[in-house]
Amino acid sequence: MEAAVTEPVLIDVVMTEGTNMSAAMSPDGSTLILALQGVLWSVPAAGGEATALTPAEMDSHEPVWSPDGSLIAFYTYAENGFTIWTMKPDGSDLTQRTFGPSDARYPTFTPDGKSLLYSADTEGGYQVWSLPLEGGAEPTQLTVADETGYEAPLTPYFRGFGNAVYPVMSPDGSKLAFVIDGQMDALVVRDVSAEETFSVAYTANTLGAPVWAPDGKSLYIAGLVGREGRVAQAFPDGSDANVLVEGGDVFPFRPSVLSDGSVLYTADGKVNVLAPGATEPTNIAFSASVELDRTPYKRRAYDLTATDTQPALGVIDPTLSPDGTRAVLTAVGDLWISDLASGETTQLTDDDFIDMSPSWSPDGSTIAFVSDRGGKADIWLMDVASGELTQLTDSPRPTNSPVWSPDGSSIAYLSDALITIFLGATVNVIDVSTGDETTISEPIFGPSPPAWSDDGETVLVVSRLPQTNRFREGYNALFLMPASGDGETKWVAPQGMDASLGRRQWNRPAWSSDGMIVYRFKGALYMAPLTADGVLGEATLVAKAGENPNWSADGSKLIYIDGADIMLFDRSTGETSTLDIKPEWHRDMPEEDYTIRAGHMLDVAAGEYLENVDIVVEDGVIRSIEPSGTADIVGTLVDASDQYVIPGLIESHTHQSITQGKALGDIWFKYGITTVRETGDDPYHAVERRESAEAGRRSAPRVFTAGPLNEGARVSYGVSETVGTVEEAKESVRLSTELKLDLYKSYVRQDYTVQKTVIELAHESGIPVTGHELYPAVANGVDQMEHFGATSRRGYSLKSSLNGYSYQDVIALISRSGMYVTPTLAMGKRAGPEFVQAGQDALVKIIDNGGKLVAGTDSPFVPYGASLHDELAVYSGAGVSNATVLKLATSQAAEAIGVGDQLGQIAPGYLADITILDADPLADIANTLSVSEVMKNGEIVYVTPD
């Protein structure tokens, strides 16, 4: 019997407004070019139907016309970087103008039309460059870092300062204007030939690209002062600007000056034209049509009650004994030791704490590891012979990733900084005998575990080397620092300064006793000699796929992970074998049965309470719901006859940190949360959390996880993975499939061509795909989207303006597609109440138009647990009914995950994830905080202390 063929589901969407849309009018005033949702469109000057000129996958932006109207220049994001392109006005003759690893953006033509000006991060941040269009000449740099005040970024988080962007030359070719970014952006003007001498013409918090008036006596520029939009006429001598537009949601892009002196700009979702002397603009109406492929596919099926025994996939830090005969590793929350010859694996620790990141002392007598058994994550020492435990550190913040020095006298480790290691960590060294500690680095953005040089003088981590302070992405490279904390640091880039090593956080580099470094690049492991002072030799391939390597003490054997497998490389023979040493586990289903006598039980589907019912829970599953007292009590009675019983809440966007251990589970339960959806972390750590929770080894919510943030060649977070080509996409989806990850995160710098392949491959494996971008992701079948705004590789979002507003294009694409979106609006409180209000407006429109939303927060940027209740309050404050608000954190969230038939409701056949409240959440959503008791999987996991 042949399988049924799914008919394509194609949905047409018409966009009549644009979010962060830019526009450029042709010199003859006949044709308008729109940059709308990353596509360039041609529209008659009077308005009308738009014609797409560029492929959606090119992600094209900020078009500008040549003086004679024969060409249009713009920048795109494709093949891992931003490049400058030109085309004819009908979209023909698409020509790439810049090449190489540098990002190039913000083009304009010189007045004679023979060259392009643009900004590129080739040297000293973004600086202005000039490129002749003919003759094959090399580009010329026109500004330098000393002139603009650019300084290289040093801290984990930074803001653009001193970059020269948005260049434009005066009509007579004598003056160069550009914007220098900073706390206040500055429009500056100088003579073309007079470097480092300029005047400030205009300042604002945010400025876009300027345009010269035809007479060359002034410039027009759009931007924001605080939250107020501005379009201004500025003067090169810095005299007071003429503010043409004050207020409104102005998009900070280049205006156009029309032949009659009118100024064209974009704001409030529209193309506006302000005539000379007018106080209000007129609009150029348009309609742009796109087609979305929303063909369904077979999602991975879940059986959340299955108790089959299975090998652990969440294996953390397999580490070889000094002689290479044994390995110790973390799985299902505990330490395990294996004899590699026999394959016998024995449990070393047995508790509900997280015991992880083991490291053998050079003499083999002691294992250092991290455990939260003392209340927080610290380094503990285990005597291998006796099993006796000793606490080594008592740090104010969680510690992780201990590694012994070659002589066994010290341990290098990481200490959380900036809330959790997800955001930053310091590198520290502790003397094992005295307990003296030295912090040898400033906070580093998501570093790898440390490694020691063979002489014990140098410690290295894999760190992010930013390319510019304007954007946060950079290349992962080796960062060497003196173990003493004193002296010079050094960067070593094994594959060149324009290539990124693989995911760094929780992913060890391995430095052998004879100076061989093993690092990860494009998913493969490479080995090269590396001296303590940073001299790198020629690299050889160790494995085509692998990660988290570790040497034996003599450097003869290397253990590493590859998806579902643990591998052993024998350096003397070059042979690799698969180790069968994984512990096994099975899901723990409770033996105790319960009857919950509910005074008010929320029927999520109906949006109302069932009054006075008995909820019968057997083997972790809701078996029946009966009127109170009409049947015998089954098991233990939970009397909630004066309380409100709702499904366990689901947090749909969080990033957990494993070193927060058992305490984090307690936080979730305290706030009535029984399931979390993780949207980015080390995959092995995330799977360990999932397996430990399911096995009942650690009291924690049920976990559904994405694993890493999959980006392009440049990356940001420590858990970001380099997936910049179709081949790398195939490998990343393979790992996601082997580790049974629950979704795939396509992140900020993964281009749309690669993302399209990811979507196809992930769907073949039944895995949904989510990301930050809306279009063309939604046209290619992406399932979900994170945040109404959030980080974009462009520096601005196409989902919401800088003031947080989303217009008809965004509302229509989300609502018509049926994709699930996690707004994360409560996080916007940091930007002010107006920003939250803007998001609330979009929220209501999406719900009113049938769109699908789920509740999530992006913790730890906001507090774990509590922030979900803040999020629900934002929804309720927008006017969404509290019944609908609760649906977004229960049944609809479960449907988005793919378990809507087992979680998110209190109904027969569903798992008993139940939160009991003391007050009515339908009357006041804040009453979701009145948590009295929580049941997860039919087991009581939290009772509010008296």
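Residues numbered from 1 in each chain as written. Predicted model: local features only at pLDDT ≥ 70, side-chain atom pairs only at ≥ 80, totals over all residues. Heavy atoms only, no water.

Trainee: In this structure, what is going on with the overall build of the chain? I would like to understand it.
Mentor: The helix and strand tally for the chain stands at 10 helices and 71 strands. Against the 2.2 N^0.38 benchmark of 30 Å for 946 residues, the chain shows a C-alpha radius of gyration of 29 Å, consistent with a compact globule. On the principal axes, the C-alpha backbone points of the chain span a range of 85 × 75 × 60 Å. Taking all 946 residues of the chain together, 62% fall into the buried category. Put simply, of all contacts in the chain between residues at least 6 apart along the chain, 56% involve residues at least 24 apart. As presented, the chain carries roughly 32800 Å² of accessible surface, and 49% of it is formed by carbon and sulfur atoms. (Helix = DSSP H or I, 4+ residues; strand = E, 2+ residues; numbered from the N terminus. Rg over C-alpha atoms; globule rule 2.2 N^0.38 Å. Buried < 20%, exposed > 50% of the residue type's maximum accessible area, 1.4 Å probe, protein only. Contact = heavy atoms within 4.5 Å. Areas by Shrake-Rupley, 256 points an atom, 1.4 Å probe, with all protein chains shown as cover.)

Trainee: Would you explain the sheet that holds strand β14 (residues 140–141) in this entry?
Mentor: The strands that make up a sheet pair up through hydrogen bonds in the backbone, lying either parallel or antiparallel. Read across the open sheet, the four strands follow the order β11-β12-β13-β14; overall the sheet is antiparallel. Among the strands making up the open sheet, the edge pair consists of β11 (104–109) and β14. Relative to β14, strand β13 (residues 127–132) is paired through two bridges, and the arrangement is antiparallel. Of the residues in β14, the one forming a bridge with Ser-130 is Thr-140. (Pairing = 2+ DSSP bridges.)

Trainee: Is there a simple way to explain the side chain of Glu-57 in this structure?
Mentor: With respect to the helices and strands, the residue Glu-57 is situated in the loop between β6 (51–52) and β7 (60–65). This buried residue, Glu-57, is left without a salt bridge; Lys-756 holds the nearest opposite charge, at 4.6 Å. Reaching out from Glu-57, the side chain makes a polar contact with the side chain of Asn-780 at a distance of 3.1 Å. Discounting chain neighbours no more than four positions away, the residues touching Glu-57 are Tyr-77, Tyr-752, Thr-753, Lys-756, Pro-776 and Asn-780. (Lys, Arg positive; Asp, Glu negative; His and termini not counted. Salt bridge = Lys/Arg side-chain N within 4 Å of Asp/Glu carboxyl O. Polar contact = N/O pair within 3.5 Å; in protein donor to acceptor, adjacent residues only side chain to side chain.)

Trainee: Just checking my understanding: could you explain the environment of Thr-659 for this structure?
Mentor: You can see Thr-659 is positioned in the loop between β59 (649–654) and α2 (661–670). Separated by 259 residues in the primary sequence, Thr-659 and Asn-400 place their C-alpha atoms 6.9 Å from one another. Discounting residues that sit within four places of it in the chain, Thr-659 has contacts with Met-356, Val-370, Ala-377, Pro-398, Thr-399, Asn-400, Asp-416 and Trp-506.

Trainee: Explain the packing of helix α6 (residues 808–817) against helix α7 (residues 833–848) here, please?
Mentor: Between α6 and α7, the least distance of the axes is 9 Å, while the angle of their chain directions is 40°. Here the hand of the crossing between α6 and α7 comes out right-handed. Residue-level inspection shows Ile-811, Ile-814 and Ser-815 of α6 in contact with α7, the latter providing Ala-842, Lys-845 and Ile-846. Among the residues making up the contact of α6 with α7, the classes are represented as four nonpolar, one polar and one charged. (Axes fitted to C-alpha atoms, helices over the stretch in contact; angles between N-to-C directions. Left-handed = near helix turned anticlockwise from the far one by under 90°. Nonpolar A, V, L, I, M, F, W, Y, C, P; charged D, E, K, R; others polar.)

Nothing here speaks to function; it is geometry throughout.
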